[in-house]
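Structural overview for review
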Amino acid sequence: MLQFDSTRLKLFLMVLLLGTVPEGFGQQYANFTASTLHPVNDIRKTIALRIEKDRFVSLKMALENLKHRFHLKFAYREGLLDGKMISTSWLEQEDAPEIMLKNILSPSSLLFKRINKRQISIFSGAANGHLNAEGKANPADSSSSLSVMEVRTSQLINGKVTAQGDGEGLPGVSIVLKGTATGTTTDADGNFKLSIPDEGGTIVFSFIGFATQEIAVSNRTTVDVVMVPESKTLNEVVVTALGIEKSKSALGYSVTEVKGEEFTQARENNVANALTGKIAGVNATGLSTGPGGSSRIIIRGNGSLTGANQPLYVVNGMPIDNTTPGGSPTTNDGSRNIDRGDGISGINPDDIESISVLKGGTAAALYGSRAANGVILITTKRGKLQKGIGVEYNSTYTMDNVAVFPDWQYDYGQGDFGKKPTTQAEALNAGRRSWGSKIDGSDFIAADGLTHPYIAQKNNIKNFYNTGTNFTNTLAFTGGNENLSYRFSLSELSSASILPHSTYNRKTANLNVSGKLSKRIRIEAMAQYNLENAHNRPSAGDAIGNPNWAPYFMANTSDIRWFSPGYNANGNETIFTTATVVPNSYFIVNKFKEDDVKNRFIGQTAIQYNLLDNLFVKGTVSRDFYNYNYRNILPTGTAYIPLGEYAALKTDVAETNSMFTLNYQTRFAQHFNITALAGANKRNYEYKELNTSGTQYIIPFFYSPTNLNTTSTVPKNQQTATNSVFGSLDADYKGIAFLTVTGRQDWFSTLSPAHNTIFYPSVGGSFLLSEALALPKAFDYAKLRGSWAQVGGATPDPYVINLTYSMVPGSTTPIQSVTQTNGANVITNAGLKPLTSTTFEVGVDLQFLNKRLGLDLTYYNRKTTNDIVKTDISSTSGYNSVILNVGELSNKGIEVLLTGTPVKRSNFSWNVSYNVAYNKNEVVRLAPGLNSIQMATTVNNYGYVNNIVGKPFGTIVGTRMQRDANGNIVFDATTGLPVKTGLQELGNGVPPLTMGLTNDFSYKAFSLGILVDGKFGNKVLSVMEVYAMRLGFLKASLPGRENGLALNGVTSDGAAYSRTVAVDQLPNYYENNKNYGELFLHDGSFIKLRQVIFTYKIPVRNFKLLKIQSASISFVGRNLAILYKKTDNFDPEQGYTNSSGQGFESIALPRTRNYGFNLMVKF
Amino acid sequence: MKNHFQKIIYTVVFFSAATLQSCDKGFEELNTNPDASPKIVPEYVFSKAQYDAVGDMLMGTIGAMQYTTSFNEVGGFGSKYIFLQGTAPSVVFSNAYPKEINEIGEVIRAVSSDPKNVNKLAAARIWRVYCFHRVTDLYGDVPYTAAGMGYVENIFKPPYDAQSDIYTDMLNELDEAARSFDAAQPTFGASDLVYGGNIDQWKKFAYSLMLRLGMRLTKVDIALAETWVKKAIAGSVIKLDADIAMIKYINGGQDINKNPLALSLLGSDYINHDGVSNQEGGKYQKTFIDYLQANKDPRLGVISVVYVNGKADTSAVLQKGMPSNFLTKPADFVTYSEPNQNTVLLKNAPMLLFTNAESNLLLAEAAVKGWYTDETAASLFVNGTGAGLRQWALYGDAGKISPSQISAYVANHPYNSGGSTGEQLEQIHTQFWVALFPNSQEVFSNWRRTGFPVLIPNVVPNNATQGQIFRRMLYPPTEENLNNDEYQKAIARQGANSFMTRIWWDR
């Protein structure tokens, strides 16, 4: 039965059909044939080359055809093509664009040059030394048909013009002596000759798609020029939803494209982390969980109260899976609390051609529900037409070092009650406490039972962690002929974490093939196989199994190396503290065993059938499948859990998408271009997990699941499906005004059958002011854009409609309980309906002063309604959480991108790009009677992250010391301790303000890129400092160590209060500070020197024999320095989970500084 | 060209129709959890509620009642009143509602509709009282009436009921449920892990709980206490060893099938059974071992061992309790007594929920108060003392105490009928302390009510109670975040959420 939101969809489909087909198609066809009937005399020029019975068409029209067929853009001087005709038979060929272009252009003696992937510049191939007369694009080139001989000349200069990037000669470059009509163009190899007057002058080099250069010449005879591609060009093409390429001018919304090279040199293992600071409005954070860890990316603020806030990842038009097997780490979950890596971390940066970030709803509307948080579109590299096999080799070696060290106190050493340990028992008892006597260099008995000098051990972190290494090698082969092109790459990433014995290895094979089976049928296929192996990923959060505790919290006069290798002759843990819940880190790295293997396959095939030249159908199937096996052994001999524990996870995840689209292009009433698309998509998602856990190895040290006292295996089988139909209509008028309308209807399997579908439309438009009006001269380009879009969404979790009951597997008597999700009872919601995210955005894109200065400004307003909220509730309800369908969340913001080229000379250029985004987030509404929901808590509930009505997403909630009107601390006269307030809002865990500044310098063969980024306005609650206070590491725990701490304040009835805390009661007093979360709250703002790339382009002409096309070597660095921060003891980005619980620091692996070298060679 | 046009139209129409037809076909089936049943089996959920309620224990009371101690700061919650961190004091509260209380509510709803299920309903109602009294006795005012109604009534922030109201309702429930059994109707049968569906025993359990809860009111409302105690006695309480309410466990299956106290003690301290490498530094406390030794209690060797050369030794003379004020691991740590692996730490040991010893000792108190005249306090005391020794046989061979040892012990501990009421009660409730070990949670309630045994508080630095034994446990900190309005009302009524605030029946 048809269940869709019928009236709206039907109307939409009708508009789509009526609006395009009958009128548009017929008229276009008429126009096309009319324009082929040209006067005979115009045909003469081409007739000699190819005479057949067929008709002729203007060259302009022919290029228009190719433009749509191959998604290309052509640039040429106004008038260059006028009057030129070609045979339509050329257009009936099905060839690679280069071949077709050559065929079409050569009869008119025209040449072409690819400026970038999609842009082609066409120029006259007329004999060197003469200007083509038609040009009026170049103001210096006004008079016609002046030959060089007519100008007074006395010196001849020559030189070569090359293009920056590939270094190859650039043909067709216009060269004019400024202020005169003297000029020439370069030949096919980029060489030129020009005669100029004795006194010299300024030569202007111009070429479409490249920045114009002016060079003063006096007594030089050779002038070599490197043309720099224009960073912004009028016809920039970007990849948009479903892999559709569109002119940037046509977009009613903001899209940012980042080229693959930006990820391949200074690389992050997880490519998503490399987006940090690059794009306005994209808040990317790499987690502090070692190589192979996950990322968290938030685009334009958190749009869902508790659901997934990360964007959808799409490779070559089809979604991929980005789940973290077994879920994200939490604050408090023992040794299995590790980050097992997300889906995007499996993509090899070297395979990426470009990444487009679709920030708004309009951009993403065609992707449907999961695109509500934006889309990250990855286009992988493809094969290209070339002679022989192209080989690319890319190698990077980098090293990691701990970047931030805590600023502990080193005045008082290990011990209790102001005394240093005098026996091993006392030292063990105070193994992690620095409440001892003044550090004086005298002898003391340490926890290893030996006598050591009582001196500060400041290097425990340095001594425990290694230098991490990352070595990546990628080899890629490309090639192709007219019928088939391919790219095949092999890559290996081998990482050793700073944590000893923790490694990560990723092997990737990627094959991309495209070909044409006949004149009308094209196929494309991509296959990627990943093999990821990780060992001993570090856990975060609570102490059990967390190797990061001891380096931070070993008493400050103990050297961590005294406790290496962490085990005794019997294989049992050697402890450094009687609080054995805090493990010896050496025991963990040497004896704990954590292994995981991920086998992942991503396959895509597409077949396109061209029913007509302007109508095609396309079917695409993609499947992203992975199989993950994880094993975690808590070994025999662990002091806290002596008989050990075992955990294993076996996960099979598959995301399958089948898509069918129909694409039609036409033109009507001369100036209107129309593209219509209709399609359907079926998505199936499957998550199967077997979770095995067991305790107590029967035979010690034999780690098999068969050797456990207790085991249990719990299956988890989740299946979801979304079916969709969608359509879009793109129209443009004269390349000045653009309009896009889309609509999509989704059906979700996870929602109530009564409300499982939603239709949502979008509309966007843009207007090229600079084309329509005569703007002041300084304006090169001005575009206004605006869009409005809705995206519907559903809960990603199945089975949350009805309450169900599950058996306890393996019990000796039948036991049934309310079904638990991740160990919690969840109140299901039988009426679950789709949520809606509505985005409105307007923007302006301006370029001034010969495109030396650019401004891209966007305002957006995004609102999520009927949000599906899974919130913790009081356990006294009988349940731990509930799924509600009522939330409303608003994000409003401004994004600014400023680009500039302060210096542009032939051998030196300096480009600056600055992006800044401010996002104002507000929780507008929760459920009736609910004004706050809880998303996360720290271990022991020192603080919470709540969503509170009227406040931004992610408010950190905790307590403060009570103060009177004058700011005096209020003391409880009975306990002598400061009175604790109730829970209060302490700050926002998500930075509203983010920015990035890129400076790129290029001098001859050298280039230097520097990225500085910052995030501002958020708070971080440090769990590490709560412990550091209690254990006597914080400098704030120093007052009173000699003579006691004098307290002054008032009592609750306002009377003056004072007392002195005795030295032996100090730990008790300071430990109580855990009750006041405000003491451990810090401003999380920072500015970091995020990335430096210094590249030398090796002059490959010297290696002609090796057939090297290009080669470069770079020094690369990531996270090199923190230029500004307000946290003394940790990196403000010290995140340990990519879940919604942002705003806590919780003793994760320290963050690192990363630097090394990159080598790129192309054969 | 007309052809082309039609082709497009047809393709679009056909394709849209084909897709839309199947737009949500099979979705309901797809959205059905293959590993879960949409239907409740009340029997199986009742078993779960029984296991969960018994396993939901507060480990801190075993130290607070001076049975055990540790030198370790982290393990110092119970015997040292050091509460450095963690949710240990709120664990019973946090676990009870989503587990046993929700489960028993589901069972009650499932069996209520059919009058034939009257016995199942009665057992479930009694069990619900058992679940709730363990929560309210630790915390005082707690959500009761509206608790566990998250799914059925969408109550996400239940109000806290006053403990006096909770007690009134619990006692009424026991009364009604006990009277509603019908021998002609089916029971939970084997799914009833306590009595296997035996209706008579369930009645005795109900009246015994009524006796326990009625006695709880002696401090706050002596008249009400008398009413309920008399009603309980009239209904007939557990008077035979065979009627002891207990759950048997086995050393197999899943953790839920194993003795939860043994699992917890092994997991925190004694799994290596070598006397040295106790993870949290736990040992028996001096107070307890000294008392057993001084009274030549034959239970000493049953519950306690000392490791000599790595071997467990039960000799009474070797047993030694560790002082509770140690802050570092003593050099002679190995020489202190710890729980016997063959009794207290057996994974297949039973958990005794209501013993013959408890009912006899409570009846002895009733006799002292003049509420019960069928038997004398002296004979009830003797019955209770003997039952307290005999019950260790339920732990297996290592728990068996010979009849001669028992009679000797009973003979050595004659009931002093001539003492003052206070002296008599001290005698009864000190024996109660020994006889109910290791059910420290019930002993903690009994101690708060009677003040016996007289325990000398442990004073160590960093303690959270100014050196006093705590009087209640703490609400979970999350309640302040998730149910703040109701939480604040409870605090306004009962007092601060602190260890020393006294709950209603303790005033």
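Here's what I pulled together on the structure shown here. What you are looking at is a predicted structure, and each value in this text was computed from that prediction instead of being measured. (Residues numbered from 1 in each chain as written. Chains lettered and ligands numbered in written order. Predicted model: local features only at pLDDT ≥ 70, side-chain atom pairs only at ≥ 80, totals over all residues. Heavy atoms only, no water.)

**Quick word on the pattern of salt bridges**
Residues and elements named next belong to chain A. Following the criterion strictly, the structure yields 59 salt bridges over all chains and no others. A salt bridge links E1078 to R960, with the shortest nitrogen-to-oxygen separation between them at 3.8 Å. Of this pair, E1078 sits in the loop between α14 (1066–1071) and β56 (1081–1083) while R960 is found in the loop between β47 (955–958) and β48 (970–972), placing the two residues 118 residues apart along the sequence. Assessed through its relative accessible area of 24%, E1078 is described here as partly exposed. Residue classification places R960 among the partly exposed residues on the basis of a relative accessible area of 26%. Put simply, D1013, K1015, K1088, R1090, D1131, E1133 and R1151 are held in one network by salt bridges that share partners. (Salt bridge = Lys/Arg side-chain N within 4 Å of Asp/Glu carboxyl O. Helix = DSSP H or I, 4+ residues; strand = E, 2+ residues; numbered from the N terminus. Buried < 20%, exposed > 50% of the residue type's maximum accessible area, 1.4 Å probe, protein only.)

**A look at the interface of chain B and chain A**
Interface size, as often reported, equals the accessible area lost upon joining of the parts. At the interface, 88 residues of chain B touch 107 residues of chain A. Inspection of the region where chain B meets chain A yields zero salt bridges. Applying the counting rule to chain B against chain A returns 32 residue pairs in polar contact (both at pLDDT 80 or more). Of all the secondary structure elements, the ones that give two or more residues to the side of chain B that touches chain A are α1 (2–21), α2 (27–30), α3 (42–55), α6 (91–112), α8 (150–153) and α20 (477–482) of chain B. A per-element tally of the side of chain B that touches chain A places α1(B) first, with 10 residues. In the side of chain B that touches chain A, the residues fall into 39 nonpolar, 32 polar and 17 charged. (Contact = heavy atoms within 4.5 Å. Polar contact = N/O pair within 3.5 Å; in protein donor to acceptor, adjacent residues only side chain to side chain. Nonpolar A, V, L, I, M, F, W, Y, C, P; charged D, E, K, R; others polar.)

**Thoughts on the sheet that holds strand β49 (residues 977–978) of chain A**
All names here are of chain A. Strand order in the open sheet formed by four strands is β49-β48-β54-β55, and the pairing between neighbours is mixed. Whereas interior strands pair on both sides, the edge strands pair on one side only; in this sheet they are β49 and β55 (1056–1061). Bridge count for β48 against β49 is two bridges, and the pairing is antiparallel. Across the sheet, residue F971 finds its bridge partner in β49, namely P978. (Pairing = 2+ DSSP bridges.)

**Re the packing of aromatic side chains**
Counted according to the given criterion, the structure contains 66 aromatic pairs over all chains. Aromatic pair A:W549 and A:Y1027: ring centres 4.6 Å apart, planes at 70°, arrangement edge-to-face. Of this pair, A:W549 sits in helix α10 (residues 549–553) while A:Y1027 sits in helix α13 (residues 1023–1030), placing them 478 residues apart in sequence. Taken individually, A:W549 and A:Y1027 each receive the classification buried, so the pair is uniform in this respect. Ring centres 4.9 Å apart and planes at 40° place the aromatic pair B:F288 and B:F437 in the tilted group. One end of the pair, B:F288, is in helix α13 (residues 286–294); the other, B:F437, is in the loop between α18 (421–435) and α19 (440–450), and 149 residues separate them in sequence. (Phe/Tyr/Trp six-rings, centres within 6.5 Å; stacked < 30°, edge-to-face > 60°.)

**Overview of helix α17 (residues 403–412) of chain B**
For an α-helix, the turn length of 3.6 residues means that residues three or four places apart are oriented alike. Residues and elements named next belong to chain B. Those residues of α17 that sit buried are I406, Y409 and V410. Projected onto a plane normal to the axis of α17, the buried residues spread over an arc of 100° and lie on a single side. More than 90 degrees from the buried face of α17, the exposed residues found are S404, A411 and N412. (Arc of directions from axis to C-beta.)

**With respect to the packing of helix α15 (residues 356–369) of chain B against α18(B)**
Residue and element names in this part refer to chain B. In the contact formed by α15 and α18, the axes pass within 10 Å of each other and the chain directions differ by 175°. In this view, α15 runs roughly antiparallel relative to α18, as classed from their interaxial angle. In this structure, α15 contributes A357, E358, L361, L362, A364, E365, V368 and K369 to the contact, and α18 contributes T421, Q424, L425, I428, H429, Q431, F432 and A435. Residue composition of the contact of α15 with α18, by class: nine nonpolar, four polar and three charged. (Axes fitted to C-alpha atoms, helices over the stretch in contact; angles between N-to-C directions. Parallel < 35°, antiparallel > 145°, perpendicular 65-115°, else oblique.)

**Overview of the nonpolar core**
One finds B:M65, B:W127, B:Y139 and B:F205 to be the most contacted residues of the largest nonpolar core, which totals 141 residues. Leave out the neighbours within four places in its chain, and B:M65 touches B:W433, B:S440, B:V443, B:F444, B:W447, B:L455 and B:I469. Core analysis: the second largest hydrophobic core is formed by 84 residues, A:Y879, A:I933, A:L1034 and A:Y1076 among them. (Core = buried A, V, L, I, M, F, W, Y, C linked by side-chain atoms within 4.5 Å.)

**Topic: the side chain of A:K381**
All names here are of chain A. Its location among the elements puts K381 in the loop between β21 (375–380) and β22 (386–402). Buried charge without a partner: K381 forms no salt bridge, and the closest opposite charge is E392, 4.2 Å away. If we ignore the near neighbours within four places in the chain, the residues touching K381 are D350, D351, I352, E353, E392, R487 and N512. (Lys, Arg positive; Asp, Glu negative; His and termini not counted.)

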